[in-house]
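# An overview of the molecular structure
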Amino acid sequence: MKTRRRSRHSREEWQQLIQAHSESGLNENEFCAQRSISLTRFVHWKRRLDKATSDIADNTNWLELPTLPAATPSGWDIELDLGHGVCLRMSKH
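Quick look at the structure, then. (Residues numbered from 1 in each chain as written. Predicted model: local features only at pLDDT ≥ 70, side-chain atom pairs only at ≥ 80, totals over all residues. Heavy atoms only, no water.)

## Let's talk about the overall build of the protein
- Helix and strand counts for the protein stand at 3 helices and 2 strands.
- The order of helices and strands in the protein, counted from the N terminus, is α-α-α-β-β.
- Expressed as a percentage of the 93 residues in the protein, the buried residues total 12%.
- Contacts spanning at least 24 positions in sequence make up 30% of the contacts within the protein whose residues lie at least 6 apart.
- About 8,600 Å² of surface is accessible on the protein, with carbon and sulfur atoms providing 53% of the total. (Helix = DSSP H or I, 4+ residues; strand = E, 2+ residues; numbered from the N terminus. Buried < 20%, exposed > 50% of the residue type's maximum accessible area, 1.4 Å probe, protein only. Contact = heavy atoms within 4.5 Å. Areas by Shrake-Rupley, 256 points an atom, 1.4 Å probe, with all protein chains shown as cover.)

Have a look at this one:
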């Protein structure tokens, strides 16, 4: 009986394999068979890395705002210009 040795790939190696697949012109089954890679593991890592990439892309849309000075004990005023002539004003006194 022949046992298959399970090799472990790093995150970077999976990223390289996924890139190689996209450039190969092969479908996932053919690519994995040629490289002796588990199709299940390949699909798992492809989804995992795609999700990580989309999470990073989603986070790049945020704009970092400067920190406001501490509010005085007497209260605070906030004015938010929403554009098109709409302004939101909030205060606590």
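Structure's up, so let's keep going.
## Some remarks on the pattern of salt bridges
- For the structure on display, the rule yields 2 salt bridges.
- Close ionic contact of Glu28 with Lys46 constitutes a salt bridge, the shortest N to O distance being 3.1 Å. Linking Glu28 in helix H2 (residues 28-35) with Lys46 in helix H3 (residues 39-59), this pair joins segments that are 18 residues apart in sequence.
- A salt bridge links Glu79 to Arg89, with the shortest nitrogen-to-oxygen separation between them at 3.1 Å. Taken together, the residues span a long stretch of sequence, with Glu79 in strand S1 (residues 76-83) and Arg89 in strand S2 (residues 86-92) at a distance of 10 residues.
- Accessibility expressed as a relative area gives 55% for Glu79, which makes it exposed. (Salt bridge = Lys/Arg side-chain N within 4 Å of Asp/Glu carboxyl O.)

## Details of the nonpolar core
- Counting residues in each nonpolar core, the largest one holds 9 residues, listed as Trp14, Leu17, Ile18, Phe31, Cys32, Ile37, Phe42, Trp45 and Leu49.
- Elements with a minimum of two residues in this core: helix H1 (11-24), H2 and H3.
- For Trp45, the residues in contact, after removing those within four places along its chain, are Arg11, Trp14 and Ile18. (Core = buried A, V, L, I, M, F, W, Y, C linked by side-chain atoms within 4.5 Å.)

In short, geometric facts, not functional conclusions.
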